[in-house]
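Understanding the architecture of this molecule
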Amino acid sequence: MTRIDCDVHPTVPSLQALLPYMDEVWRDNAVRRGIEELATVSYPTTNPLSSRADWRDASGKAGTTAAALGAQALDPFGTDLAICSPLYGVQALFSEDMSAAFARALNTWTAREFLDRDPRLRASIIVPQINAERAVDEIEHWAGDHRFVQVLLLVGSELPLGRRQTWPIYAAAERHGLPVGIHAGSMHRSGMTPVGWTSTYTEDYVAQATAFQSQLGSLLAEGVFAKFPNLTVVLMESGVSWLPAYLWRFSKFWKGTRAEIPWVSDPPASIVRDRVRLTLQPFDAPPDAASVTRLMEHLGSEEMLLFSTDYPHWQFDGQSAWPEGLSPSLRQKIMADNPLRTYARLRETVS
Ligand code: ZN
């Protein structure tokens, strides 16, 4: 059986590692402006949500090389293919030009340091989310390299992702057969909760699920799924247990207010079952087989979940990336069939 991990994270060791992949203007800018590190806009590496302690190297970071990522995230799980999504805060920059230059450097670093070094690796295209035109440039630059298999956006965006200014990104992704992955994380234009900034990482991380709800509602109501009929959206590191309750609530009010959004012509839950996928970790249901079975019944589909370890984030101990209670046939779907159906470019490798 082909084993596919749809969410692993290489870690940029430092800004120094990206400088060789920038042109002289931006290398000079990074130095002159005194930009020492972008990772500080994410959680610190010492936070378990950034990296599990037993996976960190002497520098305190995990997954900084293809060799480390292969030894820790691929070999122990028998993974045949893994999709790398580096999180380095290039989306949080306020300069559209700088964000584009840093995204280019990050994607080039991923290609040279990871994709070129381990044939099991694939990657997401990181885009300057602040500007759709520049984001499309970045998609076009990498689209010919089929080791890049999706476009990545952060769930904490400047405006809801269904709004029209993001549509050129969806058009480019659809044109090239690339799903759009929406991953946990933020441009940090506003707090992660609807009531403002939190003071702890715990609250911030738990609240990511509410941001995913908001984005899913925006994509539905603004008509993204109707406008781009061949686009698949993958919710990454979103958790999964919130989805049935959110769809019950969305569907209840859609029945009364659907005249406002006539392009949502099918029940929202059926649109989501057809067009949206979710990575497995963090699997946030109770850890017993009966509860897991019940959640799968509530999701109403065995096609939606995609296996992920979310390496190197601490979502489980040891190698227990699987929740209990999943049948062998469902594990086969989550590990292989669903990812292959979702990512057209993975099918080019696996027959
Ligand atoms: Zn992740």
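As shown above, the structure is provided for reference.
Residues numbered from 1 in each chain as written. Predicted model: local features only at pLDDT ≥ 70, side-chain atom pairs only at ≥ 80, totals over all residues. Heavy atoms only, no water.

Some remarks on the overall build of the chain
When its secondary structure is counted, the chain shows 12 helices and 8 strands. Along the first, second and third principal axes, the C-alpha set of the chain runs to 55 × 45 × 45 Å. Counting every position in the chain, which comprises 351 residues, the buried fraction comes to 57%. The long-range fraction of contacts in the chain, counting pairs at least 24 apart against all pairs at least 6 apart in sequence, stands at 80%. Carbon and sulfur atoms form 52% of the exposed surface of the chain, whose accessible area is close to 14,700 Å². Counting 32 positive and 40 negative side-chain charges, the chain places the centres of these two groups 5 Å from one another. (Helix = DSSP H or I, 4+ residues; strand = E, 2+ residues; numbered from the N terminus. Buried < 20%, exposed > 50% of the residue type's maximum accessible area, 1.4 Å probe, protein only. Contact = heavy atoms within 4.5 Å. Areas by Shrake-Rupley, 256 points an atom, 1.4 Å probe, with all protein chains shown as cover. Lys, Arg positive; Asp, Glu negative; His and termini not counted. Charge placed at Lys NZ, Arg CZ, Asp CG, Glu CD.)

Structural notes on the coordination of the zinc ion
The zinc ion binds to the protein through Asp7 (OD), His9 (NE2), His183 (NE2), Glu237 (OE) and Asp310 (OD), with metal-donor distances spanning 2.1 to 2.2 Å. The motif formed by the donor residues of the zinc ion, counted along the single chain, is D-x1-H-x173-H-x53-E-x72-D. With a gap of 301 residues between them, His9 in the loop between β1 (4–8) and α1 (15–18) and Asp310 in the loop between β8 (305–306) and α12 (328–342) connect regions that are remote in the sequence. Residues His9 and Asp310 agree in their burial class; the two are buried. (Donors = N, O, S within 2.8 Å, 3.2 Å for Na, K, Ca; no water.)

Focus on the sheet that holds β1
The sheet built from 8 strands is open, its strands ordered β1-β2-β3-β4-β5-β6-β7-β8 with parallel pairing. Only two strands of the sheet have a single partner each, and these edge strands are β1 and β8. Relative to strand β3 (residues 121–126), strand β2 (residues 81–84) runs parallel, the two being bridged by 3 bridges. Counted as the bridge partner of Cys84 is Ala123 from β3. Packing of helix α5 (residues 132–142) onto the sheet brings it into contact with β3 and β4 (148–156), and relative to β3 it is tilted by some 155°. (Pairing = 2+ DSSP bridges. Axes fitted to C-alpha atoms, helices over the stretch in contact; angles between N-to-C directions.)

Regarding the side chain of Thr309
Here Thr309 is to be found in the loop between β8 and α12. One polar contact links Thr309 to Asp5, side chain to side chain, over a distance of 2.6 Å. Once residues lying within four places of it in the same chain are set aside, the contact partners of Thr309 are Asp5, Asp7, Val8, Phe77, Gln281, Gln315, Phe316 and Ala321. (Polar contact = N/O pair within 3.5 Å; in protein donor to acceptor, adjacent residues only side chain to side chain.)

Some points on the packing of helix α4 (residues 96–115) against α5
Two elements in contact, α4 and α5, have axes separated by 10 Å at closest approach and are oriented at 20°. On the basis of the axis angle, α4 is roughly parallel to α5. Note on packing geometry: the crossing formed by α4 with α5 is right-handed. Residues Glu96, Asp97, Ala100, Ala103, Arg104, Asn107, Thr108 and Ala111 of α4 pack against Arg134, Asp137, Glu138, His141 and Trp142 of α5. (Parallel < 35°, antiparallel > 145°, perpendicular 65-115°, else oblique. Left-handed = near helix turned anticlockwise from the far one by under 90°.)

A few points about the packing of helix α7 (residues 201–221) against helix α9 (residues 243–257)
Helix packing geometry: the angle between the two helix axes and the distance between the axes. Put simply, α7 and α9 touch, their axes get as near as 11 Å, and they point 40° apart. With respect to each other, α7 and α9 are oriented oblique. Considering only the axes of α7 and α9, their crossing is right-handed. Of the residues in α9, those in contact with Gln213, Leu216, Gly217 and Leu220 of α7 are Leu243, Tyr246 and Phe250. Here the residues of the contact of α7 with α9 sort into 5 nonpolar, 2 polar and no charged. (Nonpolar A, V, L, I, M, F, W, Y, C, P; charged D, E, K, R; others polar.)

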